[in-house]
Amino acid sequence: MKMRSMRRGIKEMDIILERFADDNLAQMDTAALDLYDALLCENDQDLYQWVTGQKPTPEPFKALISRIATTISGAN
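Since the model is a prediction, treat every value here as computed from it, not as a measurement.

J.: Any chance you could break down the packing of aromatic side chains for me, citing the residues and the numbers?
T.: Across all of its chains, the model carries two aromatic pairs by this definition. Here the aromatic rings of F20 and Y36 are separated by 5.5 Å at their centres, their planes lie at 40 degrees, and the arrangement is tilted. Of this pair, F20 sits in helix α2 (residues 11-24) while Y36 is found in helix α3 (residues 30-40), placing the two residues 16 residues apart along the sequence. Residue F20 is classed as buried on the basis of its relative accessible area, which comes to 0%. A ring pair is formed by W50 and F61, whose centres lie 6.0 Å apart and whose planes are at 25 degrees; its orientation type is stacked. With W50 in helix α4 (residues 44-51) and F61 in the loop between α4 and α5 (62-73), this residue pair connects regions lying eleven residues apart in the sequence. For the residue pair W50 and F61, the accessibility class agrees, reading buried in each case.

J.: Outline the side chain of R8, supporting the account with residue identities and numerical values.
T.: Residue placement: R8 occurs in the loop between α1 (2-6) and α2. Look at R8 and you get buried, because its relative accessible area is 18%. Among the polar contacts made by the side chain of R8, one reaches the main-chain carbonyl oxygen of L40 at a distance of 2.9 Å. Of the polar contacts made by the side chain of R8, one reaches the side chain of D44; its length is 2.8 Å. If we skip the residues at most four places from it in the chain, R8 touches M13, D14, L17, L40, E42, D44 and L47.

J.: Give me α4: which residues, what numbers.
T.: Along α4, the residues classified as buried are D44, L47, W50 and V51. Buried residues of α4, seen end-on, are gathered within an arc of 125 degrees and therefore sit on one face of the element. Tucked into the core, α4 has its buried residues touching α2, α3 and α5. Looking at where α4 begins, the residue whose side-chain oxygen comes 2.7 Å from the main-chain nitrogen of Q45 is N43. Of the residues flanking the end of α4, it is G53, one or two places downstream, whose phi is positive at about 80 degrees.

J.: Please provide a residue-by-residue account of the environment of T57, values included.
T.: Position of T57 relative to the elements: it lies in the loop between α4 and α5. For T57, a relative accessible area of 13% puts it in the buried group. In this structure the C-alpha to C-alpha distance between T57 and L47, which are ten residues apart in sequence, comes to 8.4 Å. Among all residues touching T57, those that are not within four sequence positions of it are W50, K62 and I65.

Analysis parameters
Residues numbered from 1 in each chain as written. Predicted model: local features only at pLDDT ≥ 70, side-chain atom pairs only at ≥ 80, totals over all residues. Heavy atoms only, no water. Phe/Tyr/Trp six-rings, centres within 6.5 Å; stacked < 30°, edge-to-face > 60°. Helix = DSSP H or I, 4+ residues; strand = E, 2+ residues; numbered from the N terminus. Buried < 20%, exposed > 50% of the residue type's maximum accessible area, 1.4 Å probe, protein only. Polar contact = N/O pair within 3.5 Å; in protein donor to acceptor, adjacent residues only side chain to side chain. Contact = heavy atoms within 4.5 Å. Arc of directions from axis to C-beta.

This is the structure:
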């Protein structure tokens, strides 16, 4: 999952998800890893808009996207 976080498609998501993966993957339980895996299947443009608040995040990913946004803002 770390590699999939780093090699996305758009550079912004490479940076965002690589940082999140570095800070969080090792502590995530199986359910959290399954959700993150599902998130990695989503389109980069959608992910970027969710993380930056440009579009509402679909319900299954709301808490995870919030965690990602907090991680990249440095407010964790």
